[in-house]
Amino acid sequence: MKIIKNKISLGIRNEITHFKKNWQLTAIAIPAIIMIFIFNYLPLYGLIIPFKNYIPRLGIAGSEWVGLQNFEFLIKTGTIWDAVFNTLAYNLVFLFVGVMIEVCVALMLYELSKKAVKVYQTAMLVPYFLSWVVVAYVLNTLLDKQHGILNNIITFFGGSEIMWYNEPKYWPVIIILSYLWKQVGYGAIVYLASLSGLDSAYFEAAKIYGATKLQQIRYISLPLIRPVITIMLILGIGKIMKGDFGLFYNVTMDSPLLYPTTDVIDTYVYRSLMNVSDLGMSSTTGFVQSVVGFILVITTNHIVNKIDPSNALF
Amino acid sequence: MSKKILSRKGPDKTNLIPVHMVLIIMGVLCAGAFLLVLGSSFQSEKEIQQFGYSIIPRDFSLEAYKMVFTFPEMIFDAYFVTFITTVIGTVLGVFLSASAGYVISRSDYRYNRILTLYIFFTMLFSGGLVPNYILMTQWLGLKNSIWSLILPNIVHAWYIMLMKGFFKAIPEAMMESARIDGASELRIFLKIVLPVSTPVLATVALFYVLGYWNEWFLSLMYIDDQKLIKLQYLLMQILKKTQFMNSEAADAMTASGMPATEIPTLNVRMATCVVAVAPLLVVFPFVQKYFVKGVTVGSVKE
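Residues numbered from 1 in each chain as written. Chains lettered and ligands numbered in written order. Predicted model: local features only at pLDDT ≥ 70, side-chain atom pairs only at ≥ 80, totals over all residues.

(A) Quick look at the overall build of chain B. Helix and strand counts for chain B come out as 16 helices and 0 strands. Put simply, chain B has 302 residues, and 41% of those count as buried. Partitioning the contacts of chain B with sequence separation of at least 6, the portion at a separation of at least 24 is 70%. (Helix = DSSP H or I, 4+ residues; strand = E, 2+ residues; numbered from the N terminus. Buried ≥ 20, exposed ≤ 12 C-beta atoms within 10 Å, placed from the backbone. Contact = placed C-beta atoms within 7 Å.)

As structure tokens, then:
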């Protein structure tokens, strides 16, 4: 009888300490939970705006429901398609060309001593620390019509000045080079880290059997870092609807003449919101962007999970 | 690591020359591009007008920097706002991510899974520009408030996960003794966990500093008040030219008898850019180690 009583009281004590512990831990996390709620979850309520005829004075709740009218309008006017196409095309190029170059750089760095790696890495990370605004300055010294270095070189060789900021046809190249220039050093870190984590026994064995460097890369390095590459590709696919606003807004100096080749969904939404104050259009576009992006992450992750669960993100 | 490098050295060392060549070219292109801005900032306005921008000035001139600091209010204000938002944002941000990261790192915490999901979900889905704009300007009324430059970026799921990974590796025994002594969870977190976690705190702090220092989007969205603009946004305005000519500095110059048209805008633009970027570029090579560590840790899957 006494033993049972003791056991019960022990159980209760355990329960109390558990409760106390959970309560205290929750208390520690509360400030972060609240901030996340305000800045990440509250805005989700705004996702119903596209289904309403939103009038700021009436608020979201007070505005009238209009069904899919905004979506119909968005599709009918069709001005968004250029931006959608640009967003997808640029992101695909960024993703695949980016990963390829980053992996190559990582493979090259992997062959070098720690000291050499540090020197190259420091140099290649510089652009990552610069904001797109500063990158716009750098590009401006090159592309400025009168004083830019490129036009100086062109006229030196007898060519005629190019109005870079008025000519959309050059911009796909400029945008892609800018992106790679800023991103490659950073991206390579990830792959270099996973290469460094590999067991050197593989390479030693391969060397004994006379495998060349390229064979080692092809049959050892690349297969072994495939999980990391897969994850990076999944993350990239998930973000494929999201244009890098800083890149497309600053680097182009928001020059309207360049929109045919530089307008992406994010700059389009920004303009509809801030310049035109078209809340229906901007919120509807944003809604589609968020939802499609979410579906893409979930789907790609699901596919990877099916093929090889160990490579999946979650 | 060292063993592996040693073993890879040897017979095929000569093959590395092309590798070095490629990397040197890439390194020079990456690190060298900012020299375009730096070089141009040391040109005189006349030289730029005549010969264009150049990495190496023909006549080394400090004219642009003198101009920048002749009417320093504008840039000092921007520096001040940038500095304050960076400090407050970093301190609060690191603390918030650490606390959330610690709690979800505890596998004996009852709401571990749901809280992790709550945080992780924000990495997959967001409301987008318009809902955030309405939240900030209408619900929270933060338009033209310094908090609009701090709060929206204060918690990042990614940093929380990064912290969580680190905290998980802390040996349980360290906390056990304190728990037996009856220390509260908060006390254990503050007095035991945080002090042994300085490497990850430093790494995450670096990410925050970089993010807040380079931030311009929030200024673009929420700030009209010229007193509250940050360096990066000032740079944006200057690049669009109009602002500088219409600003107080230009007015002051005109008032002091100097025709506004003689403002050496082009080199001053570049000099302002250098002044804004300098602190980061000077500091970051030294703390790069932590930065690389952070990126590396972040890439390792849970």
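(B) How the structure looks around the environment of Phe71(B). Of note, Phe71(B) is situated in the loop between helix H4 (63-70) and helix H5 (73-105). Separated by 33 residues in sequence, Phe71(B) and Ile104(B) have C-alpha atoms that sit 50 Å apart.

(C) Quick peek at the domain arrangement of chain A. Residue and element names in this part refer to chain A. Segmentation of chain A into domains returns domain 1 (2-65) and domain 2 (69-311). Centre-to-centre separation of domain 1 and domain 2, based on C-alpha positions: 37 Å. Domain 1 puts 4 residues into the contact, and the matching count from domain 2 is 7 residues. Across the side of domain 1 that touches domain 2, the residue classes tally to 4 nonpolar, no polar and no charged. (Domains from an automatic or database assignment. Nonpolar A, V, L, I, M, F, W, Y, C, P; charged D, E, K, R; others polar.)

(D) The arrangement of the interface of chain A and chain B in detail. Each side of the interface is counted separately: chain A has 77 residues, and chain B has 79 residues. At 13 residues, helix H1 (residues 2-41) of chain A tops the list of elements feeding residues into the side of chain A that touches chain B. Of the residues that constitute the side of chain A that touches chain B, the class distribution is 47 nonpolar, 24 polar and 6 charged.

(E) Layout of the nonpolar core. Ala106(A) and Leu235(B) are the most contacted members of the largest nonpolar core, which has 153 residues in total. The residue makeup of this core includes at least three contributed by each of domain 1 (2-65) and domain 2 (69-311) of chain A. In this view, Leu235(B) contacts Val133(A), Val134(A), Tyr137(A), Thr272(B), Cys273(B) and Ala276(B); residues no more than four positions away in its chain are not counted. (Core = buried A, V, L, I, M, F, W, Y, C linked by C-beta atoms within 7 Å.)

(F) Quick look at unusual backbone geometry. In this model, Asp254(A) sits at a positive phi of 50°, which is unusual for a non-glycine residue. Mapped onto the elements of the fold, Asp254(A) is located in the loop between helix H11 (245-251) and helix H12 (259-262). Overall, the presence of 20 C-beta atoms within 10 Å leaves Asp254(A) in the buried class. The backbone phi angle of Asn144(B) is positive, close to 60°, even though this residue is not glycine. As for its placement among the helices and strands, Asn144(B) is situated in the loop between helix H7 (129-139) and helix H8 (157-168). Given 13 C-beta atoms within a 10 Å radius, Asn144(B) is considered partly exposed.

(G) Representation of the packing of helix H6 (residues 112-124) of chain B against H8(B) in the model. Residue and element names in this part refer to chain B. It is the contact of H6 with H8, at a shortest axis distance of 9 Å, that shows an interaxial angle of 135°. Comparing their axes, H8 and H6 come out oblique. Crossing geometry of H6 relative to H8 is assigned as left-handed. Note on element contacts: H8 touches H6 through Ala-157, Trp-158 and Ile-160, opposite Ile-119, Phe-120, Thr-122 and Met-123. Residues belonging to the contact of H6 with H8 are distributed by class as follows: 6 nonpolar, 1 polar and no charged. (Axes fitted to C-alpha atoms, helices over the stretch in contact; angles between N-to-C directions. Parallel < 35°, antiparallel > 145°, perpendicular 65-115°, else oblique. Left-handed = near helix turned anticlockwise from the far one by under 90°.)

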